[in-house]
Amino acid sequence: MGTRLIEFRIAAAPPPRLDKALSRDVPETEALSRTRLARLIADGAVRVDGVVSKDPKAKVAEGARIEITVTEAEDSHIGPENIPLEVVYEDADLIVINKPAGMVVHPAPGSPSGTLVNALLHHCGADLSGVGGVKRPGIVHRIDKETSGLLVVAKSDAAHHGLAAQFEAHSVERYYHAICYGVPDANDPRLRGIKGVSFEPGNIMRLTTQLARHKTDRQKQAVLFHGGRHAVTRARVVERFGTPASLALIECWLETGRTHQIRVHMAHAGHGLVGDPVYGGKRKLPARAFSPETAEAVRAFPRQALHAAVLGFEHPISGDMLRFEAPLPDDMKTLLDGLRVPLT
């Protein structure tokens, strides 16, 4: 396995810690993220004026000579698999995929193969320059297995670091389309009585809560108002269905990006998503709101009706603004077409 030596000097007024000084002064062309630098320090791969330093908090002086020995990226333990992918955009640093419903993003004990990562390892091959010292795609965000839509993945350490920073800063544009039970409306007195639910101009519903793993069901997230992680979702109604209106196509956008955020927030508001098996996505519709065939299609919809439709971000290397849209998948389009058929 090959290695390369990176040499540079610490510039004026260095930060008080070695790890921060390295992150500031390491040449950008080396594409070493803060996480990778921390690992290199811990591994004894960093020398300061010829002496190995394994303390990330060590002080470092202006002009100190830095030598970092970097091992070339090793192959991932995850196996590549020839799985078709819908590639929306790709360059040397990142790839944008329109993920189908039913595909897991990353291997896990219950899904060791057939994942997006397996497919990307085959698709990208030698183009992966390495993330964290391993030739693997850099996953910076995920969408649930049964949610379809857009996902950006890093192909290099530099892209991974830049994208992760944007997601952490909540500057990435993400819009979802979903089909929910009921019609969220500012005039609904029930909604005005639910903690965490408010409305903004334009009949935009805002959900502001904390989210954390459910105490008894580890597969679920729970709404909290103390502890957990801050989460904000906004939603507006695009189209209403039924007589009386009993379902809605909604557009949701995220201020934060927590596990199951849209699904658990909409369920908290009493507008759970059609087909959601975890948060109560099978409800009885009003008897005369739809034809029996349409009502059965809603009841039998096999997954949460949620699609990541828009993804926008700054390219982490070029600085260009990128924005992508993915049309609704066939199963959601078919369901919506049925909902639009008037009762006779």
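The structure displayed is predicted, hence computed values, not measured ones.

### Things to note about the overall build of the protein
Then comes step 1: Helix and strand content of the protein: eight helices and 18 strands.
Then comes step 2: Judged by the C-alpha coordinates and their principal axes, the protein covers about 85 × 45 × 40 Å.
Then comes step 3: For the protein, the proportion of contacts with a sequence separation of at least 24, taken over those separated by at least 6, is 64%.
Then comes step 4: Accessible area of the protein: about 16900 Å², with a carbon and sulfur share of 51%.
Then comes step 5: For the protein, the distance from the average position of its 43 positive side-chain charges to the average position of its 40 negative side-chain charges is 9 Å.

### Some words on the packing of aromatic side chains
Then comes step 1: Applying the stated criterion to the full structure yields three aromatic pairs.
Then comes step 2: For the pair Tyr89 and Phe324, a centre-to-centre distance of 5.4 Å together with 40° between the ring planes defines the contact as tilted. Placement of Tyr89 in strand β6 (residues 87–90) and of Phe324 in strand β18 (residues 321–325) is noted, with a sequence separation of 235 residues between them.
Then comes step 3: Under the relative-accessibility criterion, Phe324 is labelled buried at 10%.
Then comes step 4: With 5.4 Å between their ring centres and 35° between their planes, Tyr175 and Trp253 make a pair best called tilted. Of this pair, Tyr175 sits in strand β11 (residues 173–181) while Trp253 is found in strand β16 (residues 247–254), placing the two residues 78 residues apart along the sequence.
Then comes step 5: The class for Trp253 is buried, based on a relative accessible area of 17%.
Then comes step 6: Ring pairs connect the aromatic residues Tyr89, Phe313 and Phe324, which therefore count as one cluster.

### Considerations on the sheet that holds strand β4 (residues 65–71)
Two strands in a sheet stick together by hydrogen bonds in their backbones, pointing the same way (parallel) or opposite ways (antiparallel).
Then comes step 1: Pairing in this open sheet of four strands is antiparallel, and the strands run β1-β4-β2-β3 from one edge to the other. With one partner strand each, in any of the chains shown, β1 (3–9) and β3 (51–52) form the two edges of the open sheet.
Then comes step 2: Bridge count for strand β2 (residues 46–48) against β3 is two bridges, and the pairing is antiparallel. Looking at the pairing, Arg47 lines up with Val52 of β3.
Then comes step 3: With respect to the sheet, helix α1 (residues 18–25) is in contact with β1, β2 and β4, its orientation differing from that of β1 by roughly 95°.

### Digging into the pairing of strand β10 (residues 148–154)
Then comes step 1: A large share of β10 lies buried, amounting to seven of its seven residues.
Then comes step 2: Where strand β7 (residues 94–99) and β10 come together, six bridges link them in antiparallel fashion. By the bridge assignment for β10, Leu94 is matched with Ala154.
Then comes step 3: As defined by bridge partners, strand β9 (residues 138–139) adjoins β10 across two bridges and the pair is classed as antiparallel. Pairing of Gly138 across the sheet is with Ala154, part of β10.
Then comes step 4: In this sheet, strand β17 (residues 306–314) lies alongside β10 in parallel orientation, the contact comprising two bridges. Its bridge partner being in β17, Ser148 is matched across the sheet by His307.

### Points about helix α4 (residues 157–168)
Then comes step 1: For α4, built from 12 residues, the straight-helix expectation of 16 Å at 1.5 Å per residue is met to within 8% by its first-to-last C-alpha distance of 16 Å.
Then comes step 2: Every buried residue of α4 is listed here: Asp157, Ala159, Gly162, Leu163, Gln166 and Phe167.
Then comes step 3: Considering only its buried residues, α4 is in contact with α2 (34–42), β10, β11 and β17.

### Some thoughts on unusual backbone geometry
Then comes step 1: A cis amide bond links Thr243 to the next residue, Pro244, at an omega of 5°.
Then comes step 2: Here Pro244 shows up in the loop between β15 (229–241) and β16.
Then comes step 3: Of note in the backbone geometry, Asp49 takes a positive phi value of approximately 50° without being a glycine.
Then comes step 4: Take Asp49: it is sitting in the loop between β2 and β3.
Then comes step 5: Here Asn203, not a glycine, exhibits a phi torsion of approximately 60°, which is positive.
Then comes step 6: Tracing the backbone shows Asn203 in the loop between β12 (197–200) and β13 (204–213).

### Things to note about the nonpolar core
Then comes step 1: Counting 35 residues, the largest nonpolar core has Tyr176, Met205, Ile250, Ile262 and Met266 as the members making the most contacts within it.
Then comes step 2: With five residues, helix α3 (residues 116–124) is the single largest residue contributor to this core.
Then comes step 3: Aside from chain neighbours lying at most four places away, what touches Tyr176 is Ile143, Ile250, Glu251, Cys252, Leu254, Ile262, Leu306, His307, Ala308 and Ala309.
Then comes step 4: Grouped together as the second largest cluster of nonpolar side chains are 20 residues, Ile6, Leu32, Ala58 and Ala64 included.

### Side note on helix α6 (residues 261–268)
Then comes step 1: Across the eight residues that make up α6, a large majority, six, are buried.
Then comes step 2: Among the residues of α6, those classed as buried are Gln261, Ile262, Arg263, Val264, His265 and Met266.
Then comes step 3: Structurally, α6 contributes buried residues whose contacts are with β11, β13, β14 (221–224), β15, β16 and β17.
Then comes step 4: One or two residues past the end of α6 sits Gly270, with phi positive at roughly 85°.

### Here we look at the packing of α1 against α2
Then comes step 1: Close contact between α1 and α2 brings their axes to 10 Å; oriented N to C, the two are set at 130°. When the interaxial angle is binned, α1 and α2 end up oblique. Where α1 crosses over α2, the handedness of that crossing is right-handed. Contact residues: α1 offers Leu18, Asp19, Leu22 and Ser23, while α2 offers Arg34, Leu37 and Ile41.
Then comes step 2: A per-class count over the contact of α1 with α2 returns four nonpolar, one polar and two charged.

Thresholds applied
- Residues numbered from 1 in each chain as written.
- Predicted model: local features only at pLDDT ≥ 70, side-chain atom pairs only at ≥ 80, totals over all residues.
- Heavy atoms only, no water.
- Helix = DSSP H or I, 4+ residues; strand = E, 2+ residues; numbered from the N terminus.
- Contact = heavy atoms within 4.5 Å.
- Areas by Shrake-Rupley, 256 points an atom, 1.4 Å probe, with all protein chains shown as cover.
- Lys, Arg positive; Asp, Glu negative; His and termini not counted.
- Charge placed at Lys NZ, Arg CZ, Asp CG, Glu CD.
- Phe/Tyr/Trp six-rings, centres within 6.5 Å; stacked < 30°, edge-to-face > 60°.
- Buried < 20%, exposed > 50% of the residue type's maximum accessible area, 1.4 Å probe, protein only.
- Pairing = 2+ DSSP bridges.
- Axes fitted to C-alpha atoms, helices over the stretch in contact; angles between N-to-C directions.
- Expected span 1.5 Å × (residues − 1).
- Core = buried A, V, L, I, M, F, W, Y, C linked by side-chain atoms within 4.5 Å.
- Parallel < 35°, antiparallel > 145°, perpendicular 65-115°, else oblique.
- Left-handed = near helix turned anticlockwise from the far one by under 90°.
- Nonpolar A, V, L, I, M, F, W, Y, C, P; charged D, E, K, R; others polar.

Interpretation note: all reported values are geometric properties and have no functional meaning in isolation.
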